[in-house]
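# Descriptive analysis of the structure
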Amino acid sequence: MFQRNPPSSSASSSYTNPQPCQHLADYKFKHGFNGYKAIQKLLVTTPIGKTTVKKPNTKVPRCSYGYCKNASEGRFYLCLICSSFTCLDHTPLHPQSNSGHDLFVDIERAELYCGVCSDQIYDPDFDQVVMSTHSFPKGFVVTENESIGQRLIKRRRMLPEVVFGLDLQRTKLRDLREKSCYPMGLRGLNNLGSTCFMNSVLQALLHAPPFRDYFLSGGHHSETCSRRTTMADRICLICDVNDIFSAVFSGDRNPYSPAQFLYSWWQHSANLASYEQQDAHEFFISLLDALHETGGKTKNGSRGHGDCECIAHRVFSGLLRSDVTCMACGFTSTTFDPCMDISLDLDTNFSLAEKGKKLIKQNEEGSMSTLFGCLDLFTRLEKLGSDQKLYCQNCKERQDSLKQMSIGKLPLVLSLHVKRFEHSFVKRSSRKIDQYLHFPFSLDMTPYLSSSILRARHGNRIFTFGGNESDMFSKYEIFAVVTHSGTLESGHYVSFVRLRRRWYRCDDAWITEVDEATVRASQCYMIFYVQKTLYSKAGEDLSHVPKSPERDLFLPIVGCC
């Protein structure tokens, strides 16, 4: 749970700010700042301003649960009461067996974590402890009314000036800048309290070529936006997205806090407005819906999803075709449904190879699936159950039917969602599927188009398929992957983005370059592809993009993230 100052009075009065963490308040009431002071001497800050907790009395931390499969690897949390280590999976169990041992410190990031809430929390007192380990210029003052986002940015902007009490010469800072060879637009996003689900999706959207080019080329003007000048609450989600683009592509490498965007999104998605972890895919869909509601209109000027000209539909909207065939008379009923992404079941029993479509038998555990197998599963012909009999317009009664899905129209950016979270209403249980999924970097969607599906079923006797896509627009290149690690109850989202043929891992505020093997080995949850023609035209070169007037408001590069 992330505590921050309430929004200004101009915000919607009907909105209620989520309550802060009660376990933090209980801990401070009983123990004061004893735990904070105890770990103060363990804080270590790198020359680029990243603060971590050094491991006391051990070179390699180990999870206190001996049977843990992550006993000596992964992220670890230090209990503020007993100083024991636990991994992310077992941190919620520690307070259950040790009453009052609710608060932990993430040793990798030096951030507070509540084991009961399974959530990151923010405490200004703890933040002051972290900052007091450094020598700051006289101008660094934390005021009571300062927002959390401003405080975090100030903290990270000041840290590079003086680290470990050593004055860094300008020549060293210049050397640090020269080592910052990351492409323009790579900037970390601060975690505002279990908002890794939001940060991971935002990183993917920031580097989606047509979506990115729309905002960087002046597709939306925040200065003249009517919603910000005429609406009572002065909230415009598109303006806030535009502000994020301006900040990220300003050249400033310091982590950015999208606090205003988060608050605006809460206004559009009140059911998801909390400091709890949310589902990244659910956030993605709700964000696109909010962008549509804010600026959506059809070609004739009315609002709606048909031929909508909003940026969300122009980039992500596709068309799914559903054919239901009566098994008695052969009559086929066809429906078309717009879609912003495609949700795929994991092919737990089989997968089809990319070449030759040969059946590959998996081991009994079904430890690996392929994206092609998932797409084949999505478009395969299936018999509807006896409880799903549909009314046949030709037979005039309910009959057994065959159903087949296909893609009638492909979007500019193809978003594929892997169903890793399984919910059983019968068993009243939920679980996460950790099965590995192999996905290609280049994807040809031709076999899954309606034209290809119907031609395979009926042969060349049918010449008009509707929604046919040429081969030129059915080939895609990958540019982002959103991954999920951990359990259903306690997990973490990280995204990988592809720029200039190189991969970068975006873990909230921290960005590191990785190799292709790391990306392929990740547990993908959402995969983003862009049409190959757009990927080639973009060329990963942003030098042609006009400079946004808002960018002058941000500081220049001060080093790598």
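Residues numbered from 1 in each chain as written. Predicted model: local features only at pLDDT ≥ 70, side-chain atom pairs only at ≥ 80, totals over all residues. Heavy atoms only, no water.

It is worth spelling out the overall build of the protein at this point. Helix and strand counts for the protein come out as 17 helices and 29 strands. Across the 561 residues that make up the protein, the buried fraction comes to 52%. Here the analysis covers contacts within the protein between residues at least 6 apart in sequence; of these, 66% occur between residues at least 24 apart. Working note: accessible area of the protein is about 26700 Å², and carbon and sulfur atoms make up 51% of it. (Helix = DSSP H or I, 4+ residues; strand = E, 2+ residues; numbered from the N terminus. Buried < 20%, exposed > 50% of the residue type's maximum accessible area, 1.4 Å probe, protein only. Contact = heavy atoms within 4.5 Å. Areas by Shrake-Rupley, 256 points an atom, 1.4 Å probe, with all protein chains shown as cover.)

Another point: the environment of Ile342. Mapped onto the secondary structure, Ile342 falls in strand β12 (residues 342–344). Assessed through its relative accessible area of 4%, Ile342 is described here as buried. Beyond its immediate chain neighbours, meaning those up to four positions away, Ile342 contacts Leu320, Phe378, Ile407, Leu414, Ser415, Leu416 and His417.

In this section: the environment of Tyr525. Mapped onto the secondary structure, Tyr525 falls in strand β29 (residues 524–531). Looking at Tyr525, the relative accessible area reads 2%, which means it is buried. Separated by 43 residues in sequence, Tyr525 and Val482 have C-alpha atoms that sit 5.6 Å apart. In contact with Tyr525, other than residues within four places in its own chain, are Asp279, Ala280, His281, Leu416, His417, Val418, Arg420, Phe421, Val482, Thr483, His484 and Tyr493.

The strands making up a sheet are joined through hydrogen bonds of the backbone, oriented either antiparallel or parallel. Spatial strand order, β11-β10-β19-β16: four strands in an open sheet with antiparallel pairing. Every interior strand has two partners, whereas the edge strands, β11 (332–339) and β16 (382–383), have only one. Pairing of β16 with strand β19 (residues 401–409), which is carried by two bridges, proceeds in the antiparallel orientation. Following the sheet pairing, Glu382 is matched in β19 by Lys403. Sheet strands in contact with helix α15 (residues 450–458) are β10 (318–326) and β19, and its direction is about 140 degrees off that of β19. (Pairing = 2+ DSSP bridges. Axes fitted to C-alpha atoms, helices over the stretch in contact; angles between N-to-C directions.)

Judged by nonpolar contacts, the single largest core of 67 residues is most densely connected at Phe211, Phe261, Leu291, Phe316 and Phe528. With residues near it in sequence (within four places) discarded, Phe316 still touches Leu205, Phe211, Phe284, Leu288, Cys339, Met340, Pro411 and Val413. Listed in part, the 33 residues of the second largest apolar core include Cys339, Met445, Val514 and Tyr529. (Core = buried A, V, L, I, M, F, W, Y, C linked by side-chain atoms within 4.5 Å.)

What follows deals with the packing of aromatic side chains. For the coordinates displayed, the defined rule picks out 20 aromatic pairs. The interplanar angle of 45 degrees and the centroid separation of 6.0 Å between the aromatic rings of Tyr493 and Tyr525 together place this pair among those described as tilted. In this pair, Tyr493 is assigned in strand β26 (residues 491–499) and Tyr525 in strand β29, connecting sequence segments 32 residues apart. Residue classification places Tyr493 among the buried residues on the basis of a relative accessible area of 3%. Each member of the aromatic cluster is reached from another via a ring pair, and the members are Phe211, Tyr214, Phe215, Phe245, Phe249, Phe284, Phe316, Phe479 and Phe528. In this arrangement the basic side chain of Arg520 is found over the ring face of Phe441, its NZ or CZ atom lying 3.8 Å from the centre. (Phe/Tyr/Trp six-rings, centres within 6.5 Å; stacked < 30°, edge-to-face > 60°. Lys NZ or Arg CZ within 6 Å of the ring centre and 35° of its normal.)

To continue, consider the pairing of strand β6 (residues 111–114). Both faces of β6 are covered, namely the face carrying Glu111 and Tyr113 and the face carrying Leu112 and Cys114. One ladder, built from four bridges, connects strand β5 (residues 103–106) with β6; its direction is antiparallel. Note on β6: the bridge partner recorded for Leu103 is Cys114. What sits between the antiparallel neighbours β5 and β6 is a turn of four residues, in which Ala110 has the positive phi angle 55 degrees.

What follows concerns the confidence of the model for the protein. Overall, the predicted model of the protein reaches an average pLDDT of 75, with 68% of residues at or above 70. Every residue in residues 1–18 is under pLDDT 50, and counting partners more than four places away or in other chains gives 51 contacts. Below pLDDT 50 for its whole length, residues 350–366 participates in 25 contacts with residues either more than four positions away or in separate chains. (pLDDT = per-residue confidence, 0-100.)

Close contact between helix α8 (residues 209–216) and helix α10 (residues 237–248) brings their axes to 9 Å; oriented N to C, the two are set at 95 degrees. As summarised for this structure, α8 and α10 are arranged roughly perpendicular, according to the angle between their axes. From α8, Phe211, Arg212, Phe215 and Leu216 reach across to α10, where they touch Ile238, Val241, Asn242 and Phe245. Along the lines of polarity and charge, the residues of the contact of α8 with α10 split into six nonpolar, one polar and one charged. (Parallel < 35°, antiparallel > 145°, perpendicular 65-115°, else oblique. Nonpolar A, V, L, I, M, F, W, Y, C, P; charged D, E, K, R; others polar.)

Moving on to the pairing of β5. Along any regular strand the residues' side chains alternate between the sheet's two faces. Burial along β5 is two-sided: the residues Leu103 and Val105 and Phe104 and Asp106 are all buried. Pairing analysis gives three bridges linking strand β3 (residues 76–79) to β5, with the strands arranged antiparallel. Each residue of the ladder has a partner; that of Cys79, found in β5, is Phe104.

It is worth spelling out the state of the cysteines at this point. In protein structure, a disulfide is the covalent linkage between the sulfur atoms of two cysteines. Evaluation of the coordinates by the stated rule reveals zero disulfides. Here Cys117 stays unpaired: no disulfide links it, and the sulfur of Cys114, its closest cysteine neighbor, is 3.6 Å away. A disulfide-free cysteine, Cys326 has its sulfur positioned 3.8 Å from the sulfur of Cys329, the nearest such atom. (Disulfide = S-S within 2.5 Å.)

Take the sheet that holds β3 next. With antiparallel pairing, the five strands of this open sheet are ordered in space as β4-β3-β5-β6-β7. Each end of this open sheet is capped by a strand with a single partner; those strands are β4 (85–87) and β7 (119–120).

On to the packing of helix α7 (residues 196–206) against α10, then. Two quantities define a packed helix pair, namely the angle between the helix axes and the distance between the axes. Two elements in contact, α7 and α10, have axes separated by 11 Å at closest approach and are oriented at 75 degrees. Here α7 is positioned roughly perpendicular relative to α10, judged by the angle of their axes. On the side of α7, the interface is formed by Leu202, Leu205 and Leu206, while α10 contributes Ile244, Phe245 and Val248. The residue makeup of the contact of α7 with α10, split by class, is six nonpolar, no polar and no charged.

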